[in-house]
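Observations on the three-dimensional arrangement
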Amino acid sequence: MASAGERLRTRARRLWRWLFPEEVALSEEDRRAIEAVYPTLDLRRVSFHRGLPHYLKGLAQGMVLPASLSPWRCRIYIAPRCWRGDSVADPGLLLHEAFHALQVQESGPGLGALHPFLILYVACAARNGFFYSHRHPMEADAYHLAGKRSSLFESRRAAGSLDLAEIATRTSGLAFWRKLARSSPGAGTLLSMPMLPLWLLAWTGAVALLWVARLLVEGIGAVAAAVLWVTGFLLSLLQL
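As a starting point, this report considers the structure included with it. From a predicted model like this one, the values you see are computed outputs, not experimental measurements.

Regarding the environment of Arg 156
With respect to the helices and strands, the residue Arg 156 is situated in helix α6 (residues 152-158). Residue Arg 156 is classed as partly exposed on the basis of its relative accessible area of 26%. When the C-alpha positions of Arg 156 and Ile 167 are compared, they lie 9.5 Å apart, and in sequence the two are 11 residues distant. Dropping the residues within four chain positions of it, Arg 156 is found in contact with Ser 161, Leu 162, Glu 166 and Ile 167.

In structure tokens, the structure reads:
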């Protein structure tokens, strides 16, 4: 039976993993597939994680976020149930999320919440009423390539004619300003241009607030995990 100290340290590790999903090495098969489909994606700037961020657990299968402290890096999160050993069980899901990583790369540098990818993604979601669907322009681009039955990857694989070289995609076609303008109020009218700076400012501020809330949760959780671990360690010493 585990001692009180061991139980506390186990809780500390679980809390830490709840906050910060573990980084894992991608299998060679998965890595080669991404490199074949996205030859311009710099995988040295992409990390892969088994698990989802704490605020999305149970709500999605995969997620891509810019790194908190690096202007160029991003993280691909895949839910634990979607792994088979060291490989992602659904290659379409992996390629879909890798498309978002290409969008992050092409959106340019940023830092945490102040990243063009996040600001554009939330602005486009606002236009869509914050309903996740294929009508989200950044999701539509990703789903065109992979992630559903009618996507290029899945449809060709089902037909038995899949050649990754034939669906190779060198650019995500992000078009930051065009997509931002289309998402703003009055899009397609004379009102869109005057509204664009306000639209950009509004969603930059909203994303920044959400990011601060996330950092607060993670900061408090990290301190709690540290306290649990240290307490458990000291209890284990006293029991020796």
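More follows now that the structure is in view.
As for helix α5 (residues 137-145)
Burial in α5 covers these residues: Met 138, Glu 139, Ala 142, Tyr 143 and Leu 145. For α5, the arc enclosing every buried residue in end-on projection is 155°, short of the 170-degree limit, so these residues lie on one face.

Considerations on unusual backbone geometry
Its identity is not glycine, yet Ala 175 carries a phi of approximately 50°, on the positive side. Within the element layout of this structure, Ala 175 appears in the loop between α6 and α7 (176-183). Looking at Ala 175, the relative accessible area reads 25%, which means it is partly exposed.

Quick notes on the pattern of salt bridges
According to the stated counting rule, one finds 6 salt bridges in the structure shown. Among the salt bridges present, the one from Lys 179 reaches Asp 141, with a minimum N-O distance of 3.2 Å. Placement of Lys 179 in helix α7 and of Asp 141 in helix α5 is noted, with a sequence separation of 38 residues between them. Overall, Lys 179 belongs to the buried group, its relative accessible area being 11%. Since its relative accessible area comes to 25%, Asp 141 is described here as partly exposed.

Quick word on helix α2 (residues 28-37)
Among the residues of α2, Asp 30, Ala 33, Ile 34 and Val 37 are the ones counted as buried. The buried residues of α2 occupy an angular sector of 95° when the element is viewed end-on, so they sit on one face. Taken together, the buried residues of α2 touch β2 (46-50), β6 (87-88), α3 (91-107) and α5.

Some details on the sheet that holds strand β1 (residues 22-24)
One open sheet accounts for 4 strands, arranged β1-β2-β4-β3; its pairing is mixed. In this open sheet, the two edge strands, each paired with only one partner strand, are β1 and β3 (62-66). Each strand axis lies, on average, 35° off the axis of its neighbour in the sheet, ignoring direction. Alignment of β2 against strand β4 (residues 74-78), held across 5 bridges, turns out to be parallel. Bridge pairing links Arg 50 to Ile 78 in β4.

Comments concerning empty space enclosed by the protein
Per the counting criterion, the structure on display carries 1 cavity of 30 Å³ or more. Here the largest cavity is characterised by a volume of approximately 60 Å³. Surrounding the largest cavity, Leu 41, Arg 45, Val 46, Trp 72, Cys 74, Ala 101, Val 104 and Gln 105 form its lining. With 3 residues, the top contributor of residues to the lining of the largest cavity is α3. Looking at the lining of the largest cavity residue by residue, the classes come out as 6 nonpolar, 1 polar and 1 charged.

Overview of the nonpolar core
In terms of nonpolar packing, the biggest core is built from 51 residues, with Ile 34, Tyr 38, Leu 41, Val 46 and Phe 48 touching the most fellow members. Not counting the four nearest positions on each side in its chain, Leu 41 is found in contact with Ile 34, Val 46, Ala 98, Ala 101, Leu 102 and Gln 105.

Remarks on the packing of aromatic side chains
Within this structure, the stated rule accounts for 7 aromatic pairs. Both rings, one in Trp 16 and one in Phe 20, keep their centres 4.6 Å apart while their planes meet at 50°; by these two values the pair is tilted. Taking the centre distance of 6.0 Å and the plane angle of 40° together, the rings of Phe 117 and Tyr 121 count as tilted. Pair noted here: Phe 117 and Tyr 121 are both in helix α4 (residues 116-127), with a separation of 4 residues, about one helical turn. For Tyr 121, a relative accessible area of 21% puts it in the partly exposed group.

What counts, and where the lines are drawn
- Residues numbered from 1 in each chain as written.
- Predicted model: local features only at pLDDT ≥ 70, side-chain atom pairs only at ≥ 80, totals over all residues.
- Heavy atoms only, no water.
- Helix = DSSP H or I, 4+ residues; strand = E, 2+ residues; numbered from the N terminus.
- Buried < 20%, exposed > 50% of the residue type's maximum accessible area, 1.4 Å probe, protein only.
- Contact = heavy atoms within 4.5 Å.
- Arc of directions from axis to C-beta.
- Salt bridge = Lys/Arg side-chain N within 4 Å of Asp/Glu carboxyl O.
- Pairing = 2+ DSSP bridges.
- Axes fitted to C-alpha atoms, helices over the stretch in contact; angles between N-to-C directions.
- 1 Å grid on protein atoms, 1.4 Å probe; cavity = no way out; pocket = protein on both sides within 12 Å on 5 of 7 lines; lining within 4 Å.
- Points joined across faces, edges and corners; volume = space filled by probe spheres on them.
- Nonpolar A, V, L, I, M, F, W, Y, C, P; charged D, E, K, R; others polar.
- Core = buried A, V, L, I, M, F, W, Y, C linked by side-chain atoms within 4.5 Å.
- Phe/Tyr/Trp six-rings, centres within 6.5 Å; stacked < 30°, edge-to-face > 60°.

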